[in-house]
Structures are given as structure tokens and as C-alpha cells.
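Descriptive analysis of the structure
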Amino acid sequence: MANTNAEHQTGERIAYLTRVQCFSASHRLHSLGLSDDENQRIFGKCNNPNGHGHNYRAEVTVRGKINKVTGMVINLTDLKECIEEVIMVPLDHKNLDKDVPYFANVVSTTENVAAYIWDGLVKILPVGEMYEVKIYETDKNIVVYRGE
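Residues numbered from 1 in each chain as written. Predicted model: local features only at pLDDT ≥ 70, side-chain atom pairs only at ≥ 80, totals over all residues. Heavy atoms only, no water.

With an unreviewed UniProt entry as reference, the chain is termed 6-pyruvoyl tetrahydrobiopterin synthase, source organism Gadus morhua. Quoted straight from UniProt, the Cofactor (unreviewed entry) entry for the chain says "Zn(2+)". Under the Function (unreviewed entry) heading, UniProt states for the chain: "Involved in the biosynthesis of tetrahydrobiopterin, an essential cofactor of aromatic amino acid hydroxylases. Catalyzes the transformation of 7,8-dihydroneopterin triphosphate into 6-pyruvoyl tetrahydropterin." (UniProt positions renumbered as here; feature names shortened; annotations may be inferred.)

**Some words on the packing of aromatic side chains**
With the rule as written, the count across this model stands at six aromatic pairs. On the numbers, 4.9 Å between centres and 15° between planes, the contact of Phe23 with Tyr56 is stacked. Here the residue Phe23 occupies a position in strand β1 (residues 14-27), and Tyr56 occupies one in strand β2 (residues 52-65), the gap between them amounting to 33 residues. The same class applies to Phe23 as to Tyr56, namely buried. (Phe/Tyr/Trp six-rings, centres within 6.5 Å; stacked < 30°, edge-to-face > 60°. Helix = DSSP H or I, 4+ residues; strand = E, 2+ residues; numbered from the N terminus. Buried < 20%, exposed > 50% of the residue type's maximum accessible area, 1.4 Å probe, protein only.)

**Here's the deal with the packing of helix α3 (residues 76-91) against helix α5 (residues 110-124)**
Running from N to C, α3 and α5 point in directions that differ by 140°, and their axes come no closer than 9 Å. The two elements α3 and α5 cross, and the hand of that crossing is right-handed. Contacts between α3 and α5 pair Cys82, Ile83, Glu85, Val86, Ile87, Pro90 and Leu91 from the former with Tyr116, Ile117, Gly120, Leu121 and Ile124 from the latter. Considered class by class, the residues forming the contact of α3 with α5 number ten nonpolar, one polar and one charged. (Axes fitted to C-alpha atoms, helices over the stretch in contact; angles between N-to-C directions. Left-handed = near helix turned anticlockwise from the far one by under 90°. Contact = heavy atoms within 4.5 Å. Nonpolar A, V, L, I, M, F, W, Y, C, P; charged D, E, K, R; others polar.)

**Focus: the sheet that holds strand β5 (residues 142-145)**
Taking strand neighbours across the sheet as the criterion, the five strands line up as β3-β1-β2-β4-β5 in an open arrangement whose pairing is mixed. The strands lining the two open edges of the sheet, one partner per strand, are β3 (94-95) and β5. Pairing analysis gives four bridges linking strand β4 (residues 130-136) to β5, with the strands arranged antiparallel. Looking at β5, one finds that Ile135 is bridged to Val143. α3 rests against β1, β2 and β3 of the sheet, and its axis sits at about 20° to β1. Against the sheet, α5 contacts β1, β2, β4 and β5, and its axis sits at roughly 145° relative to β4. (Pairing = 2+ DSSP bridges.)

As C-alpha cells, this is what we get:
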């Protein structure tokens with residue numbers, strides 16, 4: 001049976017590599033574009049003026065050609081350093097709304113946290129390698145962001 005995958009026919013193989021990183025952060029879901037009553041109605045207990053926290057789990061997936069010499073899509077040490085710079089330093093054990101300038105005017109929902117992480121990683125990883133950021137806010141609340 002002939003393989004019709006053009007990349008495989010040229011000897012190039014594509015792989016997806018995921019690195020998992022956990023971080024803890026607090027936040028308050030509150031939009032400056034809404035009244036206090038609207039914020040309370042929409043965000044409920046997550047609008048607590050003193051905030052609340054999560055132990056987030058981030059899965060960062062890159063996609064690329066398997067290098068014929070190294071056998072890797074990306075050196076895991078390099079990916080780990082990028083994740084440290086984009087996730088751990090600015091977000092871990094921080095109040096997202098007060099300690100991360102990006103969230104001063106952006107609601108710190110998990111969707112926006114995923115987009116923030118994506119934007120940071122896209123700036124420092126090789127062009128076209130970012131595939132997906134998946135954030136587990138809880139065991140039941142998960143956001144996937146692919147730069148769209």
C-alpha cells in the first residue's frame with residue numbers, strides 16, 4: 001500500500017511534543033466594562049473582591065519536523081526554558097490581576113490566560129512551531145487555544 005503523505009514520502013516526519021507545567025495563581029473575574037452588579041451576576045463567586053486561586057496545569061504543544069540528525073522537534077531543554085520565561089516567572093504564585101500588567105485591563109479568565117501564554121511563546125519559539133496551549137483551571141474546566 002503506497003503512502004500518500006507527501007511529508008513522509010520526502011523523508012520528513014512531523015511530530016507533536018507536549019510539555020506539562022503546573023503553576024499556582026490567584027485572580028478575580030471582573031470586567032471593567034461591566035457594572036459591579038453585572039460582574040456579580042455573570043461571574044458569581046469568582047467575582048469575590050478578594051479573589052480566589054487555582055492550581056493550573058498548562059500543556060504546551062509544539063509541532064514540527066523531526067530533525068534527522070537530533071531526532072527532535074525541539075530540544076526539551078529549550079522548550080523548558082521558554083515555558084519558565086513565559087509561564088513560571090510572570091504567573092506562578094502571582095495575583096494575575098495585580099502582578100501581571102497584561103491583565104490590568106483584560107479579564108483573567110482561563111481563555112485569556114491561555115491566549116497570554118500563547119502570545120508569549122510565539123514570540124520566542126521558532127516560527128510555526130507553536131501548536132496548542134491547553135490550560136486546566138480545574139479537573140473539570142479546560143481551555144484549548146491554538147492562536148485562532
